[in-house]
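Given next are the chains, with one letter for each unit.
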Amino acid sequence: MDKVTFQKNETETVEYYILEQTRISGINYLLVTDTEEGDGEAIILKEISKAEDEIGGYTDDLTDKEFEAVVPIFENLLEDVDLI
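On a predicted model such as this, the values are computed, not experimentally measured, just so you know.

Quick notes on the rules
- Residues numbered from 1 in each chain as written.
- Predicted model: local features only at pLDDT ≥ 70, side-chain atom pairs only at ≥ 80, totals over all residues.
- Heavy atoms only, no water.
- Helix = DSSP H or I, 4+ residues; strand = E, 2+ residues; numbered from the N terminus.
- Expected span 1.5 Å × (residues − 1).
- Buried < 20%, exposed > 50% of the residue type's maximum accessible area, 1.4 Å probe, protein only.
- Arc of directions from axis to C-beta.
- Contact = heavy atoms within 4.5 Å.
- Salt bridge = Lys/Arg side-chain N within 4 Å of Asp/Glu carboxyl O.

Draft legend 1. Focus on helix H1 (residues 64-78). In this model, H1 (15 residues) spans 21 Å end to end at C-alpha, consistent with the 21 Å of a helix rising 1.5 Å per residue. All of the buried residues along H1 are Glu66, Val70, Val71, Phe74 and Leu78. For H1, the angular spread of the buried residues around the axis is 120 degrees, confining them to a single face. Of the residues in H1, the exposed ones pointing more than 90 degrees away from the buried face are Lys65, Glu68 and Asn76. Contact partners of the buried residues in H1: strand E2 (13-24), strand E3 (27-33) and strand E4 (42-47).

What follows is the structure, encoded as structure tokens:
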């Protein structure tokens, strides 16, 4: 499982393990967890960076419509996982 480090602010970072990724309507989404094994907290992140950005950016602030569209895709990709 790939691990990625995100810069939350100037002094704080957070590490997540990528469970799955998908692309909907040209937007990348990551399903990440805070632990490599076992039952961790799963979070869906949406890419907000633009092509000209040097560093990619992600947010966990999804609209209800986005959330409802992405969750079934991740559940299907992971097959044995219920996200809600």
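Draft legend 2. Just the pattern of salt bridges, in detail. This model, assessed by the stated rule, comprises three salt bridges. Close ionic contact of Glu12 with Lys8 constitutes a salt bridge, the shortest N to O distance being 4.0 Å. The class for Lys8 is exposed, based on a relative accessible area of 55%. Linking Lys46 and Glu66 is a salt bridge whose minimum nitrogen-to-oxygen distance equals 3.0 Å. Within this pair, whereas Lys46 is found in strand E4, its partner Glu66 is found in helix H1, the two being separated by 20 residues in sequence. Residue class for Lys46 comes out buried when judged on its relative accessible area of 16%. Take Glu66: its relative accessible area is 15%, and that puts it in the buried class.

These results come straight from atomic positions and should not be treated as a statement about function.
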